[in-house]
Amino acid sequence: MSLPPEKASELKQLIQQQLSKMDVHGRIREILAETIREELAPEQQHLSTEDLIKALRRRGIIDDVMKELNFVTDNVEQELCTSPKQPVGFDKQSTLKKSDGTRMADSTTMLSISDPIHMVLIKTDIFGETTLVASYFLEWRSVLGSENGVTSLTVELMGVGTESKVSVGILNIKFEMYPPLNQTLSQEVVNTQLALERQKTAEKERLFLVYAKQWWREYLQIRPSHNSRLVKIFAQDENGINRPVCSYVKPLRAGRLLDTPRQAARFVNVLGYERAPVIGGGGKQEQWCTLLAFLCRNKGDCEDHANLLCSLLLGYGLEAFVCVGTKAKGVPHAWVMTCGTDGTITFWESLTGHRYIHKPANPDEPPLAEQPKPLHPYRTVGCVFNHQMFLGNCQPSDAVETCIFDLNDESKWKPMSEEAIKSVCAPGATTALPPFPPLCASTVDASVTSNEIEMQLRLLVSEHRKDLGLTTVWEDQLSYLLSPALASYEFERTTSISAGNEEFQDAIRRAVPDGHTFKGFPIHFVYRNARRAFATCLRSPFCEEIICCRGDQVRLAVRVRVFTYPESACAVWIMFACKYRSVL
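Residues numbered from 1 in each chain as written. Predicted model: local features only at pLDDT ≥ 70, side-chain atom pairs only at ≥ 80, totals over all residues. Heavy atoms only, no water.

### Here we look at the environment of Glu303
Tracing the sequence through the fold places Glu303 in helix α11 (residues 302-315). Placed 47 residues apart in sequence, Glu303 and Ser350 show a C-alpha to C-alpha distance of 9.0 Å. (Helix = DSSP H or I, 4+ residues; strand = E, 2+ residues; numbered from the N terminus.)

See below:
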C-alpha cells in the first residue's frame, strides 16, 4: 500500500503529535541511559539500534504507542479508496478496487468499465507558453486478454482543431497489469465486448440526434425568429467530434485546494484566455476543449472557462448553469448563472471573476418608468445547460435585461428530456466523456517565484534607465511597504471586499518625507514572464513615468507578489513606485 504525499504528511504529523503527547522522546532517553548503565559493560559505550529497539519493546513502550494510535485497517483502506490519485483522467478507483475496497477487481469486472485513458500532449516553449498538440482517448482493455497481463500498442496521434485530420506522430505504448490478474480473458471475449459497446454507443447517439432534431423543430414552431437565437445543443471538441454540450459539464470537487465558490471563480479567472486559432477569415473558429485538455495547457476560450466554473460551482452544491448568448456588439459569449433558493439569479463572468445580481426590467412598464440599469455586459441569452438539464429560451425577447430565469416555467424555457440527456451524458454512459481528473496542487513556490521576477524586473528597469542616461537607486524598505497593497488587491479580486488599504496608506505617508512626492502603479498578470510583463508596463504612460522618473533624490521600488492556485495557475501582482523631492 502506497500513501499519497498529502496522506503521508498528515500521518507523520499525527504520529509526531502522539509521540509528543506521550513524552516518548523523554522515556527513550531514560531507557537509553538506564540500558547503558545496567546492561552494557563499562568499556562498551556504543549502543546499537537493535539494542535500543529490544530495550523499548521489553519495557512495553512500542506496544503503548501502537495502542494509543489505535489504527483501524478498514477505515484507512476505505479512505484511501475514496480519493485516489488519478493519472490522465483514468478512473483508477473503479478499475482497481471493488466496492468494498479490500481486493483487486477481477478481469470480468474490469472489462465492464468503459472509461478510456485520456492522454493530452502539449508543447511548451522557452517562454513557458503552451500549445495543445494532441488529445487521444485510449482504449486500454486489450491488456485484459493478453498473456501475462502485458501488451504493446502503437497509436497515431492526430492534431487538434483545424488540424484534427493531420497526423502529429506515432506513440508506442506498453501496458502491464499490476498486480497481475489471477485469470485473463480470451482476446475474443474482449473484442466482442468492445464491439457490443460500439454498437450500443452508436445507437444511443443516433436516438439522441433524432430527439434533438425533433426538439429543435418544436422550438422553431413556437416562434420562427428562434432560428437566430444562440441555442447550442452540440459543440465540437478539440478533436472535431460533435458532443452534446451537457457532456462538457460535471460536478467537480476541488478537495482542499479551493475553499469557496468565489475562490473557485478566481482560479478559473487566472487561467489564460485564448480564442481557438483560425486559418483565414470567416469569423470565430468553433472549438470547446475537454476539461483535461483545457487544464493541461492552462488556457482556453470563454466556453472552456464557463464549463469549468459551472462544474466547480455544482461541486459546491449550487444550482449552476452555463449560459450561451451574446455580449456587446453581438459577440457570442458564454458565462455562468446560479439560482438561489430565494430566487436570486447571479451571473458569474468566468473570464474576470466578477459577479452580477440579475434584476430584470419589466417590459410592460410605461416608457418613462425608471428601470434597473444592468451592470452586467450580457445582451442576449439563447439557452442554459448543465450536466442534467438543457433549456432553450422561448420568451418573446432573448434580451437578458428582460428575461425571467424561472427555469420551471415551460412557457419561458423549453426543456429537453432529462432522460435523453442522461442516456448520452450520465457518468458511466459509453457516449460520455471519462470522469473528470482531480485538480492538482500547484508546483510553483510563490516566494521563490516572486523573488525571481522581482530581481529580473529590477535588472530590466536599471538597463532601461541606463539607456536613457539615468542612474537607478533602489530603496528596499519602500519596496517592502508595497506588499500589503498587493495582498489587498488579490483579496479584493477573490472576495469583492476591500481591506487593508488604510494601513498601507499610513505606512507610505510615514516613509515619504515632507516635500517629496510618491507615485505607485499596480498591475496584474496571469503569466510569469518578467520581460513580457515589463514590455506591457512600459505601454502605460503612467508606469513609464515612474520607471523613467527624473528629479532630485529619486528612489525607485518594485514589489512582486505571486499568488498560486491549483494546476500551477498564478495571479502575479506587480507594483512599481518612486519617490522624489518636489522642486516646484
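### Thoughts on the packing of aromatic side chains
This structure, assessed with the given rule, holds 16 aromatic pairs. When the centroid spacing of 6.2 Å and the interplanar angle of 90 degrees are considered together, the rings of Tyr356 and Tyr378 count as edge-to-face. Here Tyr378 lies in strand β13 (residues 378-385) and Tyr356 lies in strand β12 (residues 355-357), a separation of 22 residues in the sequence. This pair shows no difference in class: Tyr356 is buried, exactly as Tyr378 is. Their ring planes at 45 degrees and their centres at 5.2 Å tell us that Phe525 and Tyr527 sit as a pair that is tilted. Given the relative accessible area of 6%, Phe525 is considered buried. An aromatic cluster is present here, built from Trp215, Trp216, Tyr219, Tyr248, Trp288, Phe385 and Phe390 joined pairwise through their rings. Between Arg532 and the ring centre of Tyr527, over which it is positioned, the NZ or CZ distance is 3.7 Å. (Phe/Tyr/Trp six-rings, centres within 6.5 Å; stacked < 30°, edge-to-face > 60°. Buried < 20%, exposed > 50% of the residue type's maximum accessible area, 1.4 Å probe, protein only. Lys NZ or Arg CZ within 6 Å of the ring centre and 35° of its normal.)

### Some thoughts on the environment of Ser411
Within the secondary structure layout, Ser411 lies in the loop between β14 (390-393) and β15 (413-415). In sequence terms Ser411 and Cys394 are 17 residues apart; their C-alpha atoms lie 7.0 Å from each other. Polar side-chain contacts of Ser411 include one of 2.5 Å to the side chain of Asp409. (Polar contact = N/O pair within 3.5 Å; in protein donor to acceptor, adjacent residues only side chain to side chain.)

### Focus: the state of the cysteines
If you walk through the whole model with that rule in mind, you get zero disulfides. With no disulfide of its own, Cys440 lies closest to Cys296 among cysteine sulfurs, the gap being 8.6 Å. (Disulfide = S-S within 2.5 Å.)

### So, the pairing of β14
Each regular strand shows side chains that alternate between the opposite faces of the sheet. Neither face of β14 is open: one carries Phe390 and Gly392, the other Leu391 and Asn393, and all of them are buried. Direction of pairing for β13 relative to β14: antiparallel, over a ladder of three bridges. In the sheet register, Val384 faces β14, and the bridge partner there is Leu391. Once β13 ends, the chain turns through four residues before running back antiparallel as β14. (Pairing = 2+ DSSP bridges.)

### Details of the sheet that holds β15
Strand order across the open sheet formed by seven strands is β12-β11-β10-β9-β13-β14-β15, with antiparallel pairing between neighbours. Looking at the sheet topology across the chains shown, the edges are occupied by β12 and β15. If you compare each strand with its neighbour and ignore which way they point, the axes differ by 35 degrees on average. Alignment of strand β11 (residues 345-348) against β12, held across three bridges, turns out to be antiparallel. (Axes fitted to C-alpha atoms, helices over the stretch in contact; angles between N-to-C directions.)

### Some points on the sheet that holds strand β18 (residues 570-581)
Backbone hydrogen bonds are what pair the strands of a sheet, in a parallel or an antiparallel way. Read from one edge to the other, the open sheet built from three strands follows the order β16-β18-β17, with strand pairing classed as antiparallel. The open sheet terminates on both sides in strands that have one partner only, identified here as β16 (516-525) and β17 (552-564). Ignoring which end each strand starts from, the neighbouring axes of this sheet average 15 degrees apart. In the sheet, β17 pairs with β18 via eleven bridges, with the strands oriented antiparallel.

### Topic: the nonpolar core
If you look at the biggest cluster of nonpolar residues, it comprises 70 residues, and the most contacted ones within it are Phe267, Leu308, Leu312, Phe385 and Phe390. Sorting elements by how many residues they give to this core places α11 first, with seven residues. Core analysis: the second largest hydrophobic core is formed by 29 residues, Leu457, Phe525, Ile546 and Tyr580 among them. (Core = buried A, V, L, I, M, F, W, Y, C linked by side-chain atoms within 4.5 Å.)

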